[in-house]
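Coordinate inspection notes
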Amino acid sequence: MSTADRLRRLEELRRQSELGGGQGRIQAQHERGKLSARERLDLLLDEGSFVELDRFVTHRGTGFGMEEQKVLGDGVVTGYGTVFGRLVYAFSQDFTVFGGSLSEAHAEKIVKLLDMALRNGAPVIGPNDSGGARMQEGVVSLGG
């Protein structure tokens, strides 16, 4: 695979990750009067300041057919940006992906963000839109 092909594939994955659970589920959020995870971050953070982390992470669950349902980002958008020019770390749970439920990988993304914020002395903001723990993963989801 050429470098150009790899870059095209990476861009395709980036676009896919921005859809979370898909356009239909985003539309359902809007019909309920709710914003998507990314829309909430766009409103919160200074324009153009958001740097997303771990956008290609997927869950590791294998029971209950979960191995067939991998969604990039695993139901939470994490990263950092600025609010009125001040550095903040932010995560936004994505209800379009398994109801925003917390999996092991989802929790690891948030914990990584918390650790980064602590090291840098910056606040963390986390709009919550979640159904709780992802029961298909059992105890490991509760560890989050």
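Structure: see above.
Now for a description of the structure that goes with this document. Just so it is clear, the model here is predicted, and its values are computed rather than measured.

**Here we look at the sheet that holds strand β4 (residues 124-125)**
The pairing of strands in a sheet happens through backbone hydrogen bonds and is either parallel or antiparallel. In spatial order, the strands read β1-β2-β3-β4; together these four strands make up an open sheet with mixed pairing. Because the sheet does not close on itself, it has two edges, and the strands there are β1 (51-53) and β4. Two strands pair when backbone bridges link them, and strand β3 (residues 86-93) and β4 are joined in this way by two bridges, in the parallel orientation. If you follow tyrosine 89 over to β4, its bridge partner there is valine 124. Strands β1, β2 (76-83), β3 and β4 of the sheet are contacted by helix α3 (residues 37-44), whose axis makes an angle of about 160° with β3.

**Observations concerning the packing of aromatic side chains**
Inspection of every chain in the model, using the stated rule, returns one aromatic pair. Centre to centre, the rings of tyrosine 80 and tyrosine 89 are 5.7 Å apart; their planes meet at 50°, and the pair counts as tilted. With a relative accessible area of 4%, tyrosine 89 lands in the buried category. Between lysine 34 and the ring centre of phenylalanine 95, over which it is positioned, the NZ or CZ distance is 4.3 Å.

How each quantity is defined
- Residues numbered from 1 in each chain as written.
- Predicted model: local features only at pLDDT ≥ 70, side-chain atom pairs only at ≥ 80, totals over all residues.
- Heavy atoms only, no water.
- Pairing = 2+ DSSP bridges.
- Helix = DSSP H or I, 4+ residues; strand = E, 2+ residues; numbered from the N terminus.
- Contact = heavy atoms within 4.5 Å.
- Axes fitted to C-alpha atoms, helices over the stretch in contact; angles between N-to-C directions.
- Phe/Tyr/Trp six-rings, centres within 6.5 Å; stacked < 30°, edge-to-face > 60°.
- Buried < 20%, exposed > 50% of the residue type's maximum accessible area, 1.4 Å probe, protein only.
- Lys NZ or Arg CZ within 6 Å of the ring centre and 35° of its normal.

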